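Close look at the chain arrangement
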Amino acid sequence: MTVRAAAEWDLWTTTARVVLDHRDRRHLAAARACVVEVTAAVDAACSRFRSDSELVARAADLVRGAEVSPLLAALVHQALDAARASDGDVDPTLGARMASLGYDAAFADAPPVPTPEAVARALDGRPAWQRVLLSGTFLRVPEGVTLDLGATAKAAAADMAAASITARLGIGALVSLGGDVATAGPDPSGGWQVRVQDLDDDPADHVRIASGWSVATSSTRKRRWEQDGHARHHILDPRWGLPAEPVWRSVTVVAPSCVTANTMTTAAVVRGHGATEMLRRSGRAARLVAADGTVVRIGGWPADDG
């Protein structure tokens, strides 16, 4: 087996990893620098956990509407596209709700949790994401709405980082940010083989993808915490403002971009038992691990590839 060049480091409570074909190992430091640059820019643009991020620091301006950086505009655009594509299952306007459930910078010291009925009344007709206005780089966010771009922004960062490595260095690369894996540039010999496993005691698979394709995994077993005796995880069902029922331990999808793949995996977790039909209709290769550990493979996902 060919040994490829790789570097990894801690990032955003998960692990960042860049992998190059063995022939390009001399570029590893420069490739890592590309990933660091992209992820730092995304963090500075939209992190909900930084008071100095553009999204947080300009929150008051955005209620009235203001011009924002092209990067923040692009990230919001992708998040709203994900909401539309998933019929609102992937909702970028749940930031305040996430914080109220205890998913803040410290995962602790959360205020009391509003009831689902109070959340439903607060929706006031149209979902909040439909009331966010983005025109070019002009962004207006309704008062009382906190954007949380976490899921799509991390996937977008993986897409952008892989593309940046290829654009700057002229080589193929795989970039993994937690469960979001993006590739770009020339195919390595044998393609990219991605190991898919959530936690150490979960079943593992391998899937081989061509360069330019992406793999994303959404999990109900990571980013978990307890609040007032209730187990919480970070994927909310927008209908109730509560963590989605953990029908699936994890869902993985292969798609042409990491943002697309992540949108589908997040929506699948939210849809629970309806996820398999949604994914079959999409035609994408997908793998779902049920709460009891049963593995469901859809759309040509290999039973044993590697």
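To be clear, the structure that these remarks concern was listed above.
Source: prediction; values computed, not measured. (Residues numbered from 1 in each chain as written. Predicted model: local features only at pLDDT ≥ 70, side-chain atom pairs only at ≥ 80, totals over all residues. Heavy atoms only, no water.)

1. Brief notes about the overall build of the protein chain
Note the following rule: Secondary structure elements are defined from DSSP: runs of H or I of at least 4 residues count as helices, runs of E of at least 2 residues count as strands, and each element is numbered from the N terminus. Only protein chains enter the area calculation, which uses a 1.4 Å probe; residues under 20% of their type maximum are buried, those over 50% are exposed, and those in between are partly exposed. It only takes one pair of heavy atoms within 4.5 Å for two residues to be counted as in contact.
On a plain count of helices and strands, the protein chain comes out with nine helices and 17 strands. The burial tally for the protein chain puts 49% of its 306 residues in the buried class. Counted over contacts in the protein chain with a minimum sequence separation of 6, partners at least 24 positions apart contribute 60%.

2. Side note on the sheet that holds strand β6 (residues 173-177)
Inclusion rule: For two strands to pair, DSSP has to find at least two bridges joining them. The axes are straight lines fitted to the C-alpha atoms, using for helices just the contacting stretch, and the angles between their N-to-C directions are given from 0 to 180°.
Strands sit in the order β1-β2-β6-β7-β10-β15-β16-β17 across an open sheet of eight strands; the sheet is antiparallel. With one partner strand each, in any of the chains shown, β1 (5-11) and β17 (295-298) form the two edges of the open sheet. The sheet shows a mean angle of 10° between the axes of neighbouring strands, taken without regard to direction. Its contacts with the sheet place helix α7 (residues 150-169) against β2 (14-20), β6, β7 (180-184) and β10 (214-219), and it is angled at close to 25° to β7. Packed on one face of the sheet, helix α8 (residues 258-271) meets β7, β10 and β15 (248-255) and runs near 25° to β10.

3. Comments concerning the packing of helix α1 (residues 28-46) against helix α4 (residues 70-85)
Rule in force here: Roughly parallel refers to an angle under 35 degrees, roughly antiparallel to one over 145, roughly perpendicular to one between 65 and 115, and oblique to any angle outside these ranges. Classification used: nonpolar for Ala, Val, Leu, Ile, Met, Phe, Trp, Tyr, Cys and Pro, charged for Asp, Glu, Lys and Arg, polar for all others including Gly.
Running from N to C, α1 and α4 point in directions that differ by 80°, and their axes come no closer than 9 Å. One way to sum up the angle between α1 and α4 is to call them roughly perpendicular. In this structure, α1 uses Ala-41, Val-42, Ala-45 and Cys-46 to contact α4, whose residues at the interface are Leu-71, Leu-72 and Leu-75. Its residues assigned to classes, the contact of α1 with α4 comprises seven nonpolar, no polar and no charged.

4. Side note on the packing of α7 against α8
Our working definition: By convention, the crossing between two helices is left-handed when the near helix turns anticlockwise from the far helix through less than a right angle, and right-handed when the turn is clockwise.
Their axes nearest at 8 Å, the elements α7 and α8 cross at an angle of 150°. As judged from the angle between their axes, α7 and α8 are roughly antiparallel. α8 is crossed by α7, and the crossing has right-handed handedness. Counting all contacts with α7, which are made through Ala-151, Thr-152, Ala-155, Ala-156, Ala-158 and Asp-159, the residues of α8 involved are Cys-258, Val-259, Asn-262 and Thr-263. Considered class by class, the residues forming the contact of α7 with α8 number six nonpolar, three polar and one charged.

5. Structural notes on the sheet that holds strand β5 (residues 138-140)
Read across the open sheet, the three strands follow the order β3-β5-β4; overall the sheet is antiparallel. In the strand order of this sheet, the two ends are held by β3 (66-67) and β4 (133-135), each with one partner. Both β4 and β5 contribute to a ladder of three bridges, which runs antiparallel. Of the residues in β5, the one forming a bridge with Leu-133 is Arg-140.

6. Focus: α4
To be explicit about the condition: What a helix should span is 1.5 Å times the count of its residues minus one.
Across its 16 residues, α4 extends 22 Å between first and last C-alpha, which sits within 8% of the 22 Å expected from 1.5 Å per residue. Buried residues along α4 sit against α1, α2 (54-57), β4, β5, α7 and α8.

7. Details of the pairing of strand β8 (residues 192-196)
On β8, burial follows the alternation: Trp-192, Val-194 and Val-196 on one face are buried, whereas Gln-193 and Arg-195 on the facing-out side are not. Pairing of β8 with strand β9 (residues 205-209) involves five bridges; the strand directions are antiparallel. What sits directly across from Gln-193, in β9, is Arg-208.

8. Comments concerning the nonpolar core
Definition in use: Within this scheme, the nonpolar core is defined by two criteria: the residues are buried Ala, Val, Leu, Ile, Met, Phe, Trp, Tyr or Cys, and they are joined through side-chain atoms within 4.5 Å.
Among the nonpolar cores identified, the biggest contains 50 residues, and Val-18, Leu-149 and Ile-165 are the most heavily contacted of them. For this core, the secondary structure elements donating two or more residues are β1, β2, α1, α4, α7, β6, β7 and α8. What Ile-165 contacts, discounting residues up to four positions off in sequence, is Val-18, Ala-31, Cys-34, Val-35, Gly-170, Ile-171, Ala-173 and Val-175. Judged by nonpolar contacts, the second largest core, of 23 residues, contains Ala-82, Val-253, Ala-286 and Ala-290.

9. Considering the pattern of salt bridges
So the rule is basically this: In what follows, salt bridge is the name for a side-chain nitrogen of Lys or Arg lying within 4 Å of a carboxyl oxygen of Asp or Glu.
Taken as a whole and judged by the stated rule, the model has 17 salt bridges. Residue Arg-168 pairs with Glu-37 through a salt bridge whose shortest N-O separation is 2.8 Å. A residue pair is termed long-range when its members are at least 10 positions apart, and Arg-168 in helix α7 and Glu-37 in helix α1 qualify at 131 residues. The partner of Arg-58 in a salt bridge is Asp-61, and the shortest N-O contact between them spans 3.6 Å. Relative accessible area serves as the criterion here: at 29%, Asp-61 is assigned to the partly exposed category.

10. Section: unusual backbone geometry
Positive phi, close to 55°, is recorded for Trp-12, a residue that is not glycine. With respect to the helices and strands, Trp-12 occurs in the loop between β1 and β2. Classification of Trp-12 by relative accessible area gives partly exposed; the value is 25%.

11. Regarding the packing of aromatic side chains
Applicable threshold: Stacked, edge-to-face and tilted labels apply to pairs of Phe, Tyr and Trp rings (six-membered ring for Trp) whose centres lie within 6.5 Å, assigned for plane angles under 30 degrees, over 60, and everything in between, in that order. Any Lys NZ or Arg CZ found within 6 Å of a ring centre and within 35 degrees of that ring's normal is scored as a charge over the ring.
Taken as a whole and judged by the stated rule, the model has zero aromatic pairs. Of note, Arg-32 hangs over the ring of Trp-9, and the distance from its end group to the ring centre comes to 4.2 Å.

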